[in-house]
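One-letter residues, chain by chain:
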Amino acid sequence: MIELRPFDSLGGADHGWLDAKHHFSFAGYHDPERMHWGNLRVWNDDTIAPHSGFPTHPHRDMEIVTYVREGAITHQDSLGNKGRTAAGDVQVMSAGSGIAHSEYNLENETTRIFQIWILPTTRGGAPDWGSRPFPKGERSGRFVTLASGFDNDGDALPIRAEARVVGATLRTGETAEYALGRDHKAYLVPASGAVRIDDVRVNARDGAAISDVDILRVTALEDSEIVLVDSA
């Protein structure tokens with residue numbers, strides 16, 4: 001089953017410095033049909049103006065994955081971590097028992113990110129943060145795991161959830177396969193381009209909620225950059 005969620009159907013708000021679109025209920029946007037997809041709770045498509053950002057605020061009991069599409073985001077937290085994550089790279093924060101952090105676009109250009117929240121398998125635990133570069137060339141023509149809660153994904157950034165965040169870059173006409181399994185769900189968003197899943201066209205920044213599929217096959221209708229969450 002594939003449920004298309006066109007970009008223009010998403011909730012959101014334009015705060016001036018932040019233009020936020022929400023694939024799931026978040027902040028002032030509430031849709032009882034879009035509360036979560038498996039243990040995927042939030043997928044925000046954020047456009048952040050230069051020299052602005054989110055001041056220090058707290059989180060707990062959530063796995064927060066930030067995929068930078070354009071520009072860069074600079075993170076600082078109450079554990080003393082500080083780091084800059086640039087376009088194509090990923091950062092992960094395990095909020096655990098509690099952490100406070102800020103996220104700023106310190107660049108002279110607009111930053112665009114996907115911020116993805118996944119419910120952890122267990123509550124509590126020491127908070128943590130990490131980032132890693134994932135050159136797009138590694139994802140050419142295939143899905144590569146960016147963050148994972150599974151032990152056999154040793155090269156990925158760890159999260160504390162039965163979930164996996166993967167990415168791919170496909171040239172027009174290329175097809176990539178992902179072994180999902182019928183006991184899991186997938187949520188796929190093209191960061192750019194357009195793809196086809198079965199007979200459904202998914203344009204840039206649309207969402208596709210996918211279930212009851214053993215092998216997911218994605219074909220690029222244009223040169224495309226794809227992000228997918230595999231959730232329990």
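Everything numeric here is computed off the predicted structure, so don't read it as measured data.

Turning our eyes to something else, we now look at the sheet that holds strand β7 (residues 72-77). An order of β5-β10-β7-β8 is seen for the four strands of this open sheet, with the pairing classed as antiparallel. In this open sheet, the two edge strands, each paired with only one partner strand, are β5 (52-59) and β8 (82-86). Ignoring which end each strand starts from, the neighbouring axes of this sheet average 20 degrees apart. Of the strand pairs in this sheet, β5 and strand β10 (residues 99-105) are connected by six bridges, and their pairing is antiparallel. The residue of β10 that forms the bridge with Gly 53 is Tyr 104.

A few words now on the pairing of strand β19 (residues 200-203). Of the two faces of β19, only the one carrying Val 200 and Val 202 is buried; Arg 201 and Asn 203 on the other face are not. Joining the antiparallel neighbours strand β18 (residues 194-197) and β19 is a turn of two residues, in which Asp 198 adopts a positive phi near 55 degrees.

All right, on to the sheet that holds strand β20 (residues 207-210) then. Where strands meet in a sheet, backbone hydrogen bonds hold them as pairs that are either parallel or antiparallel. Ordered in space as β1-β20-β17-β22-β15-β13-β14, the seven strands form an open sheet in which the pairing is mixed. Edge positions in the sheet fall to β1 (2-5) and β14 (157-158), since each of these pairs with one other strand and no more.

Where two aromatic rings form a pair, the distance of their centres and the angle of their planes describe that pair. Counted by the stated rule, this structure contains seven aromatic pairs. Ring centres 5.4 Å apart and planes at 85 degrees place the aromatic pair Phe 26 and Trp 117 in the edge-to-face group. Placement of the pair is Phe 26 in the loop between β3 (18-22) and β4 (40-48) and Trp 117 in strand β11 (residues 111-118), with a sequence separation of 91 residues. The class for Phe 26 is partly exposed, based on a relative accessible area of 23%. Cluster of aromatic residues (ring-pair linked, three or more members): Phe 24, Trp 43, Tyr 67, Phe 114 and Tyr 187. Looking at Arg 5, its charged tip hangs above the ring of Trp 37, at a distance of 5.9 Å from the centre. A cation sits over an aromatic face here: Lys 185 above Trp 37, 4.4 Å from the ring centre.

What follows is about the environment of Ser 102. Turning to its location among the elements, Ser 102 is positioned in strand β10. Along the sequence, Ser 102 and Leu 40 sit 62 residues apart, while their C-alpha atoms lie 22 Å from each other. When sequence neighbours within four positions are dropped, the list of residues in contact with Ser 102 reads Phe 54, Pro 55, Thr 56, Thr 74, His 75 and Gln 76.

So, on to the nonpolar core. Formed by 25 residues in total, the largest nonpolar core has its most connected members in Leu 40, Trp 43, Val 65, Val 90, Ile 116, Ile 118 and Tyr 187. Elements that contribute at least two residues to this core include exactly β4, β6 (63-70), β9 (90-94), β11, β13 (144-148), β15 (163-170), β17 (185-192) and β22 (224-231). With residues up to four places along the chain from it excluded, the contact list for Ile 116 reads Leu 40, Val 42, Trp 43, Glu 63, Ile 64, Val 65, Val 227 and Val 229. Counting residues in hydrophobic clusters, the runner-up holds 21 residues, among them Phe 143, Leu 170, Ala 176 and Val 200.

Now for the environment of Thr 110. Topologically, Thr 110 is positioned in the loop between β10 and β11. The exposure class assigned to Thr 110 is partly exposed, which follows from its relative accessible area of 26%. Each C-alpha atom, one on Thr 110 and one on Ser 52, is 9.6 Å from the other, the two residues being 58 residues apart in sequence. If near-sequence neighbours (up to four positions away) are discounted, Thr 110 is found in contact with Thr 47, Ile 48, Pro 50, Glu 70, Gly 71 and Asn 105.

The backbone of Asp 198 sits at a positive phi, close to 55 degrees, despite the residue not being glycine. Mapped onto the elements, Asp 198 comes out in the loop between β18 and β19. The exposure class assigned to Asp 198 is exposed, which follows from its relative accessible area of 61%. Of note, the phi angle at Arg 205 is positive, near 75 degrees, even though the residue is not glycine. Judged by relative accessible area, which is 22%, Arg 205 ranks as partly exposed.

Conventions we followed
- Residues numbered from 1 in each chain as written.
- Predicted model: local features only at pLDDT ≥ 70, side-chain atom pairs only at ≥ 80, totals over all residues.
- Heavy atoms only, no water.
- Pairing = 2+ DSSP bridges.
- Helix = DSSP H or I, 4+ residues; strand = E, 2+ residues; numbered from the N terminus.
- Axes fitted to C-alpha atoms, helices over the stretch in contact; angles between N-to-C directions.
- Buried < 20%, exposed > 50% of the residue type's maximum accessible area, 1.4 Å probe, protein only.
- Phe/Tyr/Trp six-rings, centres within 6.5 Å; stacked < 30°, edge-to-face > 60°.
- Lys NZ or Arg CZ within 6 Å of the ring centre and 35° of its normal.
- Contact = heavy atoms within 4.5 Å.
- Core = buried A, V, L, I, M, F, W, Y, C linked by side-chain atoms within 4.5 Å.

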